[in-house]
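Residues per chain, in single letters:
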Amino acid sequence: MGAMHKLLFLKPKNFFKRSTEYLAKYGSFSRCWVFHRLFIALADLELSRQLLESESHLETGYELMKDWLGGGVLMCQPDQWQRRHCLISGLFDKGNSEQLMKLCRQQTEKLQQKLVERADQKVFDVWEIISRNVLELIVTTTCGAKPTEEYSKNLGELSELYRKRFLSLQSANRFNYWLSSPFMRRHQNRLIKRLNEEHKDLIASHQKQENLKMGDGFPGMDHIKALPLKYHESLLQILLESKDPSLTVEEIYGELNTCNYLGYLLCSSALCFTLVTIARNPSVQQRCLEELKLAQIKDQGWNLEKLPYLEAVLQETMRLYPPQVIVGRQLKNDFPYTHSIVGDGVLPFGSEIYINLHELQRNENRYPKANHFKADRFLDSPPELLSFSLGPRCCPARKFSINLLKTFLAPILTDFELLPYGDELRLDLRLILGSSNGFQLALKPR
């Protein structure tokens, strides 16, 4: 049974306490056998960088998500990664990026209306409002159409279902899940099917529009509604127009599901942690406000390039609270490494490697006063930030994500004073970094 008891004790609410204890006892580079599986826990920057920058070790694992995200960029085979990465990066080309920023600004106006209703200096959980708004924006960006109420509900439910499965003994492997949770599994598959049915209709709508442009009829498509007029190129459109013969319909479903899941949960988490952090650091809030006033463009929002301090605040928040805490790799070949302290060695084929960004990015040797919020560290000589990963499999939406977050934060900080009311964050890990008691703060109109 190996060290199974170590994993059994890990729960979403005690993950960070336990991982800190294990780190102190076993070091930043340790192994854990459970039956035939070798887990390697990493919180060492030197070795993590070598692994993430490797061109030949790109398998991410994530077996838990296979039913939903299989075929998407997170789980695609290494030989498909470069091509898929280029397709997704095309979504953020300069011309289209400007249109996406307009879409973000439109979405922030909706968010502001919701926040005005809560600007009564009473404590509330900002996640409830932020996450719905971000979900709508991400789905509109990827699918090219505003999500239906049913789609939003299914995506939210499915995300929560997978979050509950994380660090659950019942979900330790596919056989355990199949045996112990038949009703949850049935509900999960039903939700996946419903989402993909809507994706199928969207693909049919795109095909209908293309045929109408060419003046051709399309038998059997009369029941499909045409997509609404759009001002940006969606990820779905890019995938369909790539004419890649190796890209199957199921892989397109997987790509949309992956980008919707990652964009929705990770951006929501980053935004909520940043708001709560700013609320509890009044001097940071004041400095952000002064910078925003200087960067404001009359009737056109803000010049995002002139917000270096706000970006540093975002980076420091993601250093302390990385939305995706664990970055995984599953070795299909031996991985030889060199290390300045422990020397040379080899990580064996079959190892499941889990890089703990929460511990790694709080290393005192790398980040002075690592547990303190110091946004200035990212201004002059910024340290390495792994929250978007590194190397060939890094996040293709890094710049867009930062600009999205700045676009959301700018009007909130300008229109409202964030008040540090409510309980402190209680970190928990359920796929992404969250807080078991929500993200509590209060708002006061400026």
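Values in this document were obtained by computation on a predicted structure and should not be read as measured data.

Draft legend 1. Up close: the pairing of strand β1 (residues 29-34). The alternating pattern of β1 places Ser30, Cys32 and Val34 on a buried face and Phe29, Arg31 and Trp33 on a face that is not buried. Relative to strand β2 (residues 37-42), β1 runs antiparallel, the two being bridged by six bridges. Following the sheet pairing, Cys32 is matched in β2 by Phe39. Connecting the antiparallel pair β1 and β2 is a turn made up of two residues, with Phe35 showing a positive phi of about 55°.

Draft legend 2. Summary view of the sheet that holds strand β3 (residues 124-125). Spatially, β3-β13-β10 is the arrangement adopted by the three strands of the open sheet, whose pairing is antiparallel. Of all the strands in the sheet, the pair left with one neighbour each is β3 and β10 (416-419). Taken together, the two bridges between β3 and strand β13 (residues 440-445) define a ladder with antiparallel strand orientation. From the neighbouring strand, Phe124 faces β13, where its bridge partner is Leu441. Strands β10 and β13 of the sheet are contacted by helix α16 (residues 398-415), whose axis makes an angle of about 90° with β10.

Draft legend 3. A look at the side chain of Thr274. Position of Thr274 relative to the elements: it lies in helix α12 (residues 249-279). Thr274 gets classed as buried once you look at its relative accessible area, which sits at 0%. Not counting the four nearest positions on each side in its chain, Thr274 is found in contact with Val313, Leu314, Thr317 and Leu409.

Draft legend 4. Spatial organisation of helix α6 (residues 94-116). Compared with the 33 Å implied by 1.5 Å per residue over 23 residues, the 33 Å span of α6 between its first and last C-alpha is a close match. Tucked inside the fold, the buried residues of α6 contact β3, α7 (127-143), α16, β10 and β13.

Draft legend 5. Seen up close, the packing of aromatic side chains. Applying the stated criterion across every chain yields a total of eleven aromatic pairs. Residues Phe15 and Phe16 carry aromatic rings whose centres are separated by 5.3 Å and whose planes lie at 85° to one another, so their mutual orientation is edge-to-face. Neither Phe15 nor Phe16 differs from the other in exposure class; each is buried. Through a chain of ring-to-ring contacts, the aromatic side chains of Trp127, Phe273, Tyr321 and Phe439 assemble into a single cluster. Lying over the aromatic face of Tyr177, Arg165 brings its terminal NZ or CZ to 3.5 Å of the ring centre. Sitting over the ring of Tyr321, Arg362 keeps its end group 5.6 Å from the ring centre.

Draft legend 6. Here's a closer look at the nonpolar core. Counting 113 residues, the largest nonpolar core has Met65, Trp68, Tyr162 and Leu404 as its most contacted members. When residues no more than four places from it in sequence are discounted, the contact partners of Met65 are Gly70, Met75, Tyr162, Tyr261 and Leu431.

Draft legend 7. Summary view of a nonpolar patch on the surface. Together, Leu8, Phe9 and Leu169 line one region of the surface with nonpolar side chains, adding up to about 280 Å² of accessible area. Checked against the element boundaries, Phe9 lands in the loop between α1 (4-8) and α2 (15-26). Residue classification places Phe9 among the partly exposed positions, given a relative accessible area of 44%.

Draft legend 8. Layout of the pattern of salt bridges. Under the definition given, this model contains 16 salt bridges. Across the pair Lys17 and Glu21 runs a salt bridge whose closest N-O atoms are separated by 2.8 Å. Linking Lys17 with Glu21, this pair stays in helix α2, spanning four residues, or about one helical turn. The class for Lys17 is exposed, based on a relative accessible area of 56%. Among the residues examined, Glu21 registers a relative accessible area of 33% and is labelled partly exposed. A single network of salt bridges, built from pairs that share partners, joins Glu160, Arg163, Asp428 and Arg430.

Calculation notes
- Residues numbered from 1 in each chain as written.
- Predicted model: local features only at pLDDT ≥ 70, side-chain atom pairs only at ≥ 80, totals over all residues.
- Heavy atoms only, no water.
- Buried < 20%, exposed > 50% of the residue type's maximum accessible area, 1.4 Å probe, protein only.
- Helix = DSSP H or I, 4+ residues; strand = E, 2+ residues; numbered from the N terminus.
- Pairing = 2+ DSSP bridges.
- Contact = heavy atoms within 4.5 Å.
- Axes fitted to C-alpha atoms, helices over the stretch in contact; angles between N-to-C directions.
- Expected span 1.5 Å × (residues − 1).
- Phe/Tyr/Trp six-rings, centres within 6.5 Å; stacked < 30°, edge-to-face > 60°.
- Lys NZ or Arg CZ within 6 Å of the ring centre and 35° of its normal.
- Core = buried A, V, L, I, M, F, W, Y, C linked by side-chain atoms within 4.5 Å.
- Patch = residues over 30% accessible without salt bridge, like charges linked within 9 Å, V, L, I, M, F, W, Y side chains within 5 Å.
- Areas by Shrake-Rupley, 256 points an atom, 1.4 Å probe, with all protein chains shown as cover.
- Salt bridge = Lys/Arg side-chain N within 4 Å of Asp/Glu carboxyl O.

Interpretation in functional terms is not warranted from these geometric data alone.
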